[in-house]
Amino acid sequence: MGSAWKGPAISPAIVKRRGENFTRLTGEWMTPRRRFLSALYGGRVDKVPAMTLSSVITLDSMEIADAWFPEAHLDAEQMARLAATAHEELGLDTVMPVFHSQLEADALDAATWWGTVDNWPATNDHVLTDPEDFKIPSDYLKRPSFEAALGAIRLLRKRYPDVGIVGKVYGPWSVGYHLVGIENYLMDTILDPDKIRRYLEVMLPACMMSAHAQLEAGADAIMWADHANRELVSPETYRDFLLEMHKEVTVEMGGPSIFHCCGETTDRIDYFAEAGWDCFHFESQVDPHVAKEIAGDRMSLMGNINNPTTLFSGTYEDTYEACMKVMEAGINGIAPEGSVPLGTKNAVLMALADSARDYSDAHRPDGRLVVHDPPPADNGAEAD
Amino acid sequence: MAQLSDIANEFIRDEIEEFLERPEEIERNLALFSRVSPAMQDIAAALIDGDDVTVDRLTREALDGGVGALEVMDDGLIAGMGIVGIKFREGYVFVPEVLVSARAMKAGMAHIEPILAASGVEPIGTVIMGTVQGDLHDIGKNLCIMMLRGGGFTVIDLGVNTSPAEFVAAVEEHSAHLIGMSALLTTTMPNMAKTVEAFKDAGLRESVRFMVGGAPVTPEFGKDVGADGYGKDALACVELAKKLAVEVN
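Residues numbered from 1 in each chain as written. Chains lettered and ligands numbered in written order. Predicted model: local features only at pLDDT ≥ 70, side-chain atom pairs only at ≥ 80, totals over all residues. Heavy atoms only, no water.

## Quick look at the overall build of chain A
Phase 1 of the analysis: Counting secondary structure elements, chain A contains 15 helices and 9 strands.
Phase 2 of the analysis: The globule rule puts the C-alpha radius of gyration for 384 residues at 21 Å, and the 21 Å found for chain A is close to it.
Phase 3 of the analysis: By principal-axis analysis of the C-alpha atoms, chain A measures approximately 70 × 55 × 35 Å.
Phase 4 of the analysis: The 384 residues of chain A split such that 62% are buried.
Phase 5 of the analysis: Relative to all contacts within chain A whose residues are 6 or more apart in sequence, the contacts with residues 24 or more apart total 71%.
Phase 6 of the analysis: When the accessible surface of chain A is summed, it comes to about 14,700 Å², and 50% of that surface belongs to carbon and sulfur atoms.
Phase 7 of the analysis: Across chain A, the 33 positively charged side chains and the 59 negatively charged ones have centroids separated by 7 Å. (Helix = DSSP H or I, 4+ residues; strand = E, 2+ residues; numbered from the N terminus. Rg over C-alpha atoms; globule rule 2.2 N^0.38 Å. Buried < 20%, exposed > 50% of the residue type's maximum accessible area, 1.4 Å probe, protein only. Contact = heavy atoms within 4.5 Å. Areas by Shrake-Rupley, 256 points an atom, 1.4 Å probe, with all protein chains shown as cover. Lys, Arg positive; Asp, Glu negative; His and termini not counted. Charge placed at Lys NZ, Arg CZ, Asp CG, Glu CD.)

## Considerations on the packing of helix H5 (residues 69-89) of chain B against helix H7 (residues 139-150) of chain B
Residues and elements named next belong to chain B.
Phase 1 of the analysis: At a minimum axis distance of 11 Å, the contact between H5 and H7 shows a crossing angle of 150 degrees. Classified by the interaxial angle, the pair formed by H5 and H7 is roughly antiparallel. Of the two elements, H5 crosses H7, and the hand of that crossing is left-handed. Judged by residue contacts, Met-73, Asp-74, Ile-78 and Met-81 of H5 engage Met-146, Met-147 and Gly-150 from H7.
Phase 2 of the analysis: Class assignment for the residues of the contact of H5 with H7 results in 5 nonpolar, 1 polar and 1 charged. (Axes fitted to C-alpha atoms, helices over the stretch in contact; angles between N-to-C directions. Parallel < 35°, antiparallel > 145°, perpendicular 65-115°, else oblique. Left-handed = near helix turned anticlockwise from the far one by under 90°. Nonpolar A, V, L, I, M, F, W, Y, C, P; charged D, E, K, R; others polar.)

## Details of the interface of chain A and chain B
Phase 1 of the analysis: Each partner contributes residues to the interface: chain A has 30 residues there, and chain B has 26 residues.
Phase 2 of the analysis: There are 1 salt bridge connecting chain A and chain B.
Phase 3 of the analysis: Residue Asp118(A) pairs with Lys194(B) through a salt bridge whose shortest N-O separation is 3.3 Å.
Phase 4 of the analysis: Joining chain A to chain B, the criterion identifies 5 residue pairs in polar contact (both at pLDDT 80 or more).
Phase 5 of the analysis: Looking at the side of chain A that touches chain B, the elements that each hand over two or more residues are strand S3 (122-125), helix H8 (182-191) and helix H13 (307-312) of chain A.
Phase 6 of the analysis: For the side of chain A that touches chain B, the leading source of residues is H8(A), giving 7 residues.
Phase 7 of the analysis: Split by residue class, the side of chain A that touches chain B holds 15 nonpolar, 9 polar and 6 charged. (Salt bridge = Lys/Arg side-chain N within 4 Å of Asp/Glu carboxyl O. Polar contact = N/O pair within 3.5 Å; in protein donor to acceptor, adjacent residues only side chain to side chain.)

## Observations regarding the sheet that holds strand S9 (residues 333-336) of chain A
Backbone hydrogen bonds are what pair the strands of a sheet, in a parallel or an antiparallel way.
Residues and elements named next belong to chain A.
Phase 1 of the analysis: Strand order across the open sheet formed by 7 strands is S1-S4-S5-S6-S7-S8-S9, with parallel pairing between neighbours. Two strands lie at the open edges of the sheet, namely strand S1 (94-95) and S9, each paired on one side alone.
Phase 2 of the analysis: Sheet analysis places S1 next to strand S4 (residues 164-170), joined by 2 bridges and oriented parallel. Looking at the pairing, Thr-94 lines up with Gly-164 of S4. (Pairing = 2+ DSSP bridges.)

## A few points about the side chain of Asp188(A)
All names here are of chain A.
Phase 1 of the analysis: Tracing the backbone through its elements, the reader meets Asp-188 in helix H8.
Phase 2 of the analysis: Taking the relative accessible area as the measure of exposure, Asp-188 reaches 13% and is therefore buried.
Phase 3 of the analysis: Non-local contacts of Asp-188, meaning those with residues more than four positions away in its chain, are made with Pro-193, Lys-195 and Ile-196.

## Quick look at the packing of aromatic side chains
Residue and element names in this part refer to chain A.
Phase 1 of the analysis: Evaluated as defined, the whole model comprises 20 aromatic pairs over all chains.
Phase 2 of the analysis: On the numbers, 4.8 Å between centres and 65 degrees between planes, the contact of Phe-259 with Phe-272 is edge-to-face. Of the two residues, Phe-259 sits in strand S6 (residues 257-260) while Phe-272 sits in helix H11 (residues 269-275), which places them 13 residues apart along the sequence.
Phase 3 of the analysis: Using a relative accessible area of 0% as the deciding quantity, one classes Phe-259 as buried.
Phase 4 of the analysis: Taking relative accessible area as the criterion, Phe-272 reaches 0% and is therefore assigned buried. (Phe/Tyr/Trp six-rings, centres within 6.5 Å; stacked < 30°, edge-to-face > 60°.)

## Here we look at the nonpolar core
Phase 1 of the analysis: Ranked by size, the top nonpolar core spans 188 residues in total, and within it Trp173(A), Leu186(A), Trp224(A), Tyr238(A), Trp277(A) and Phe33(B) carry the most contacts.
Phase 2 of the analysis: With 13 residues, helix H9 (residues 193-217) of chain A is the largest single contributor of residues to this core.
Phase 3 of the analysis: Core analysis: the next-biggest nonpolar cluster, separate from the first, contains 23 residues, Ile128(B), Val171(B), Ile179(B) and Phe210(B) among them. (Core = buried A, V, L, I, M, F, W, Y, C linked by side-chain atoms within 4.5 Å.)

## A word on a negative patch on the surface
Residues and elements named next belong to chain B.
Phase 1 of the analysis: Residues Glu-10, Asp-14, Glu-17 and Glu-18 make up a contiguous surface patch of negative charge.
Phase 2 of the analysis: Considering the arrangement of structural elements, one finds Glu-10 in helix H1 (residues 10-19).
Phase 3 of the analysis: The exposure class assigned to Glu-10 is exposed, which follows from its relative accessible area of 51%. (Patch = residues over 30% accessible without salt bridge, like charges linked within 9 Å, V, L, I, M, F, W, Y side chains within 5 Å.)

## Side note on the pattern of salt bridges
Phase 1 of the analysis: This model, assessed by the stated rule, comprises 37 salt bridges over all chains.
Phase 2 of the analysis: One salt bridge connects Arg22(B) with Glu90(B), and the closest N-O pair in it is separated by 3.7 Å. Of this pair, Arg22(B) sits in the loop between H1 and helix H2 (23-35) while Glu90(B) sits in the loop between H5 and helix H6 (95-119), placing them 68 residues apart in sequence.
Phase 3 of the analysis: By relative accessible area, which is 37% here, Arg22(B) ends up partly exposed.
Phase 4 of the analysis: The network of salt bridges with shared partners includes Glu28(A), Arg35(A), Asp46(A), Lys47(A) and Asp93(A).

## Here we look at a nonpolar patch on the surface
Phase 1 of the analysis: A cluster of nonpolar side chains, namely Leu59(A), Trp68(A) and Val117(A), defines an oily patch on the protein surface of about 210 Å² accessible area.
Phase 2 of the analysis: Tracing the chain through its elements places Leu59(A) in helix H3 (residues 59-65).

## A closer look at the sheet that holds strand S2 (residues 154-157) of chain B
Residue and element names in this part refer to chain B.
Phase 1 of the analysis: The strand order across the open sheet built from 5 strands is S2-S1-S3-S4-S5, with neighbouring strands paired in parallel fashion. One side of each edge strand has no neighbouring strand; the edge strands of this open sheet are S2 and strand S5 (229-230).
Phase 2 of the analysis: Bridging between strand S4 (residues 209-213) and S5 involves 2 bridges; their strand directions are parallel. Bridge assignment links Val-212 to a residue of S5, and that residue is Tyr-230.
Phase 3 of the analysis: Its contacts with the sheet place helix H11 (residues 234-248) against strand S3 (178-182), S4 and S5, and it is angled at close to 170 degrees to S4.

Written out as structure tokens, the structure is:
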């Protein structure tokens, strides 16, 4: 049995802020980084990780870190300080510095609106009508969005060697939405599918460059988002346009991969597993039991705490209860389903780490490793 | 009761047979398409198939041939879009197919709208539509707008990233009583509540009705933000607008 890890899983600041009622899990022995990575691969954990795999930035956290939207999107120091609140303030096992979805698109000349203190950035004009016009700028990774993101990852790696750092890449399907415009892009999946295949082909290298750069800067894993979700396209669209490409991505990325696709994705989880993603970060529309049944041991599952109803409109108790239900389904880690609304209260988000601690405490038959389905009590029957 | 064999267009017959499951919808569409002329069935079929060039040509030919604009809109375009809406709801088609059919409907409506505007037909009401602040997604909103216009409403489209103040100003300017708010992102959904609050602050809340929709929006969330109704899709949006219009007219 390994010796207990005594490092700063939860900083003294958060213990102080949350008062005497705050307790770490007795016998906690993994660092948050080790726990996150082990769970990502479906491995042993001393505690179910509670994570951010998108953004848990709130107005509360901006005030605590004195780092504010929109400046924090393009300033490495502010981005790092703000990202760190996920661990420092909320007790999560990961931090995620790229809060927005514009990293690649902005560096590829999309017109970006960087938002306001309480509004997210977005692409406000589309620049591409022909895949043959697409070019990766020679200074792509030096553009402001990358300078900030890569700089923040380096700072976080230095400041938090024991905390999981999750990078974020928008894949070519989602970058296509930004550069081409979602309406034209989706129509061309029917009207001119070869054009869409060409878009994917030319944009993929830009997305891979982003992934490699974030891993090199110190990210432990990449959350890769391609929004081929049920609210937009059929599962066959994912199969026909993305499956083979994603098989290449998961091999070539060179680091642990977490796939994200919004919405109700039950009908395509099997394809995601076939693509070779290490983990799927899924949303609350998907029943975690069903997701687990489909994914089996092929792919880990993390998520899927509802944002609007539970985290934003609900209470600490609502969130705690929702997290417990998801963990009881046996998924590998809990996290908000996507980026939380900025007005979400940190006091509610704290239920993520607290519930993970309490669930794990009750599901460690040997006091060391979490077992989601403990064996039934000994009924006296003789073993074979 | 009308039979499939009463419908001249084979494509329409196949669509009803293959994709419609609810008895009341089968009955309604059998009655509809067996009543309308073969020319209107052809327009509906081309629209379902997403063939904008054919819809454009057939609409023009029908109008030139003396068919009324309202008849072409209701019996051809909206009838076809009704089938598309059902297929979308049931998961037989997805947004790309709906967009392509919407493009075909737009091609037809380009001929019809000027005629309706010139004829002085009174709209059911005026709807202010916008995607909420911080959100630049407008596919769902645009589909709703198209169907609302087809359903007899005047629609003022505020576009995307619409602030609460812009919603208030538009309602005042157009003396509208119906507002439709759309959001695709869970991060921007709270701005629906801010918009409702802005109407309270402006003393206008009692005189308007709010509709909300968008992929992550639920009826429960709609209630939480103080909306008067939730529409799952563009067809539901039109039904909701008609219901709420009765309340405020």
